[in-house]
Amino acid sequence: WSSVKGGLPVEHDVEIEWDLESTPLEIRTDSLLGSDDEVLVYFLSAEGENAGLVQLYFYSTPQYYFDWCSSEETNLVNLPSDTVKVWRITLTRTAGVRLVIHCNEVEVLNILLSQSTCGPPDWSTVWNRDVTKIKFSSSDTASDYYGTQLQLPGELPVERDVKIDWDLESTPLEIRTDAVLGSNDQVAVTLYSGDEFAGSVVLYFTSTLQWSLGWCESAFADIVNPPSATDNLVWRISITRTAGVNLVIHCNNEEVVNTVVSELTCSNSAWSTTWIRDVTKIKFSSSDTASDNYGTQLQLPEEDTSEEEDVSEQGDNQNYSDAAALKVSLIFL
């Protein structure tokens, strides 16, 4: 991303003026668990002395470590599953030195630094210094943006031909479109396991609602229960593997596709080497002309609660609505 609301791109090994007591620090990451990426931010006094250090590790089990306090890395609990995370680090001194960390508004750590919680004897000297500056270490591989009131996981503008870290099993992908019927616009998302193909999704806005799977079945099939709206749609793509490879697609919270990818549903034998791969990245193709935003927990369009007019008084409107039936095709290239 080139910018994030409320945030600035992280620069490494640069001292940044920051009064941590008056202004909690927020950091945005999109690293996956198991990537071994880490957040590593120093706290400094006005004189440039160390005033603390926070490390957040993206191991398969997420952990934290406070230099000049922790004796070992410790597991983080209650961590939200969202790929995009906004961490908020708060330091207070109203009753001792207390460090609180939130992730996507969920409190994941609340600790009072003291002789009983900190191992090194110099913890008090270091952590009692007033923090007036911060510095992201050159070893920090996870921090993308920092600031205040960063945009929480939700909608992000689509960028084409850019691979994005995304664990599709733990975090269903939501895509917003406002393409109109007959425009022949399309959503085109490729799924990856590292650098290997793991599937792709294409939604076509033509005259009927259809779907198809690449590396499985090239023929189109009609989507059941198509949405009545023709614009402002939120598509949610989910993959589960509890009983085979189960692909589910919702549109505005209505299930429109639910299929198990297998030899019974796929004529292309490549399904067994493609669809079994874990999806860790996504990429919106340059041919994607319909995707506007993507993310998690996208706000659905408001329902029209106005009373319907008498059918006899809206003949022309009904004919128009019938002619404007939405067609969306799903193709996995």
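Residues numbered from 1 in each chain as written. Predicted model: local features only at pLDDT ≥ 70, side-chain atom pairs only at ≥ 80, totals over all residues. Heavy atoms only, no water.

Digging into the overall build of the protein
Working step 1: The secondary structure content of the protein amounts to three helices and 25 strands.
Working step 2: The proportion of buried residues among the 333 residues of the protein is 49%.
Working step 3: Within the protein, contacts between residues separated by at least 24 positions form 70% of all contacts whose residues are at least 6 apart in sequence.
Working step 4: Of the roughly 15,900 Å² of accessible surface on the protein, a fraction of 45% belongs to carbon and sulfur atoms. (Helix = DSSP H or I, 4+ residues; strand = E, 2+ residues; numbered from the N terminus. Buried < 20%, exposed > 50% of the residue type's maximum accessible area, 1.4 Å probe, protein only. Contact = heavy atoms within 4.5 Å. Areas by Shrake-Rupley, 256 points an atom, 1.4 Å probe, with all protein chains shown as cover.)

Details of the nonpolar core
Working step 1: One finds Phe43, Val54, Phe66 and Trp127 to be the most contacted residues of the largest nonpolar core, which totals 41 residues.
Working step 2: Each residue touching valine 54, except ones within four places of it in the same chain, is listed here: Val39, Leu40, Val41, Phe43, Tyr65, Phe66, Ile89, Leu99, Ile101 and Trp127.
Working step 3: Counting 40 residues, the second largest nonpolar core, distinct from the first, contains Leu191, Trp211, Val257 and Tyr294. (Core = buried A, V, L, I, M, F, W, Y, C linked by side-chain atoms within 4.5 Å.)

What to know about the pairing of strand E8 (residues 85-92)
Working step 1: Judged by how many residues are buried, E8 sits mostly within the fold: seven of eight residues are covered.
Working step 2: Here strand E3 (residues 25-29) runs beside E8; their pairing, made up of five bridges, is antiparallel. Within E8, the residue paired with threonine 29 across the bridge is lysine 85.
Working step 3: Both E8 and strand E9 (residues 97-103) contribute to a ladder of six bridges, which runs antiparallel. Residue leucine 91 lies in a different strand from E9, and its bridge partner there is leucine 99.
Working step 4: The turn linking E8 back onto E9 is made up of four residues, and glycine 96 within it adopts a positive phi angle of 85°. (Pairing = 2+ DSSP bridges.)

Section: the confidence of the model for the protein
Working step 1: Across the protein, the average pLDDT comes to 85, with 86% of residues at or above 70.
Working step 2: Of the regions scoring below 50 in pLDDT, residues 305-333 engages in 69 contacts with residues more than four places distant in sequence or in other chains. (pLDDT = per-residue confidence, 0-100.)

Re the packing of aromatic side chains
Working step 1: Enumeration over the complete set of coordinates arrives at eleven aromatic pairs.
Working step 2: With a centroid separation of 5.6 Å and an interplanar angle of 50°, the aromatic rings of phenylalanine 136 and tyrosine 146 are classed as tilted. With a gap of ten residues between them, phenylalanine 136 in strand E11 (residues 133-136) and tyrosine 146 in strand E12 (residues 143-147) connect regions that are remote in the sequence.
Working step 3: Among the aromatic residues, those joined into a cluster by ring pairs are Phe43, Tyr64, Phe66 and Trp127.
Working step 4: The ring of tyrosine 192 carries lysine 163 above its face, with NZ or CZ at 4.3 Å from the centroid. (Phe/Tyr/Trp six-rings, centres within 6.5 Å; stacked < 30°, edge-to-face > 60°. Lys NZ or Arg CZ within 6 Å of the ring centre and 35° of its normal.)

Brief notes about the pattern of salt bridges
Working step 1: Going through the model one piece at a time under the given rule, you end up with twelve salt bridges.
Working step 2: When the shortest N-O distance is used, the salt bridge between arginine 93 and glutamate 21 registers 2.7 Å. With arginine 93 in the loop between E8 and E9 and glutamate 21 in the loop between strand E2 (16-17) and E3, this residue pair connects regions lying 72 residues apart in the sequence.
Working step 3: The partner of arginine 277 in a salt bridge is glutamate 196, and the shortest N-O contact between them spans 3.6 Å. (Salt bridge = Lys/Arg side-chain N within 4 Å of Asp/Glu carboxyl O.)

Points about the sheet that holds strand E4 (residues 38-44)
Working step 1: Pairing within the open sheet is antiparallel, and its six strands lie in the order E2-E11-E4-E5-E6-E7. What marks the edges here is a single partner per strand, and that holds for E2 and strand E7 (74-75).
Working step 2: In the sheet, strand E5 (residues 50-57) pairs with strand E6 (residues 63-67) via five bridges, with the strands oriented antiparallel. The partner of tyrosine 57 across the bridge, within E6, is glutamine 63.

Let's talk about the sheet that holds strand E10 (residues 106-113)
Working step 1: Taken together, six strands build an open sheet; the order of strands is E1-E12-E3-E8-E9-E10 and the sheet is antiparallel. Whereas interior strands pair on both sides, the edge strands pair on one side only; in this sheet they are strand E1 (7-9) and E10. On average, each strand axis in the sheet is inclined to that of its neighbour by 25°, with strand direction left out of account. (Axes fitted to C-alpha atoms, helices over the stretch in contact; angles between N-to-C directions.)

A word on the side chain of histidine 250
Working step 1: Relative to the assigned elements, histidine 250 resides in strand E21 (residues 245-251).
Working step 2: Discounting chain neighbours no more than four positions away, the residues touching histidine 250 are Val234, Trp235, Arg236, Glu255 and Val256.

Let's talk about the side chain of threonine 259
Working step 1: Among the secondary structure elements, threonine 259 is positioned in strand E22 (residues 254-261).
Working step 2: Contacts of threonine 259, omitting those with residues within four sequence positions, involve Trp211, Leu213, Val245, Asn246, Leu247 and Thr265.

A few points about the pairing of strand E20 (residues 233-240)
Working step 1: Most of E20 is tucked away, with seven of its eight residues classed as buried.
Working step 2: Summarising the sheet, E20 and E21 pair through six bridges and their orientation is antiparallel. What sits directly across from isoleucine 237, in E21, is isoleucine 249.
Working step 3: The loop that links E20 with its antiparallel partner E21 comprises four residues; one of these, glycine 244, has a positive phi angle of about 80°.

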